Amino acid sequence: MGHYLSPPLQRLFDRLAVADQRHSLDVLYALQEKGYNDRDLLAAALLHDVGKVEVNLHLWQRVVIVLLQATWPALLDDLAWGDPANWRYAFYIQSEHPEIGARLAKEAGASPLTVELIRRHQVPLHQPGGSREDKFLRVLQEADGIR
Ligand SMILES: [Fe+2]
Ligand SMILES: [Fe+2]
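Structural notes, computed from the coordinates. Just so you know, these numbers come straight off a predicted model, no measurement behind them.

Basis of the calculations
- Residues numbered from 1 in each chain as written.
- Chains lettered and ligands numbered in written order.
- Predicted model: local features only at pLDDT ≥ 70, side-chain atom pairs only at ≥ 80, totals over all residues.
- Heavy atoms only, no water.
- Donors = N, O, S within 2.8 Å, 3.2 Å for Na, K, Ca; no water.
- Tetrahedral: all angles 85-135°; square planar, octahedral: opposite > 155°, others 65-115°.
- Buried < 20%, exposed > 50% of the residue type's maximum accessible area, 1.4 Å probe, protein only.
- Helix = DSSP H or I, 4+ residues; strand = E, 2+ residues; numbered from the N terminus.
- Contact = heavy atoms within 4.5 Å.

With that out of the way, let us pick up the coordination of the iron ion (ligand 1). Six octahedral donors at a metal ideally form angles of 90 or 180 degrees, and four tetrahedral donors ideally form angles of 109.5 degrees. Of the protein atoms, only Asp49 (OD), His97 (NE2), His121 (NE2) and Gln122 (OE1) coordinate the iron ion (ligand 1), at distances of 2.1 to 2.5 Å. Viewed at the metal, the 4 donor atoms of the iron ion (ligand 1) are separated by angles of 86 to 167°, and the geometry they form is irregular. Site description for the iron ion (ligand 1): donor spacing in sequence, D-x47-H-x23-H-Q. Between the iron ion (ligand 1) and the iron ion (ligand 2), a separation of 3.9 Å is found, and both are coordinated by aspartate 49. Judged by its relative accessible area of 26%, glutamine 122 falls in the partly exposed class.

Another point: the environment of alanine 108. Summarising the element assignment, alanine 108 is placed in the loop between α7 (89-107) and α8 (112-120). Judged by its relative accessible area of 18%, alanine 108 falls in the buried class. What alanine 108 contacts, discounting residues up to four positions off in sequence, is Ser6, Pro8, Leu9 and Leu12.

Just geometry here; none of it tells us what the structure is for.
Shown next as structure tokens:
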């Protein structure tokens, strides 16, 4: 797997939760099994959900919030992240993780094609064009099992 990711991109991958790393490797293996070996595509397979790194801390915070609600609600009221707006953050990440991931990958030096595949990975391809990007996007989405 390592040779598809430069050291900065590998560090990004390493920040994913273990379950998300596992899922990303499954997508990589599914593409390899079909004979795909394009480096930009396989890097996108490994990093397509990398925008979710920004929610991992928040999920941990949510556990703390639940515990505090049960044991020490007054303290929770004093904490900024007890704000109800934060409870919607997980949903925000679910819809925005492709855009966030594309930005993180670009900042870490991913190729333009890899960045675009990450950015578009959850957008339905109603009329795929003949471009390499659209073809890769379709197989990435198939491997991702989202359509
Ligand atoms: Fe995704
Ligand atoms: Fe995914």
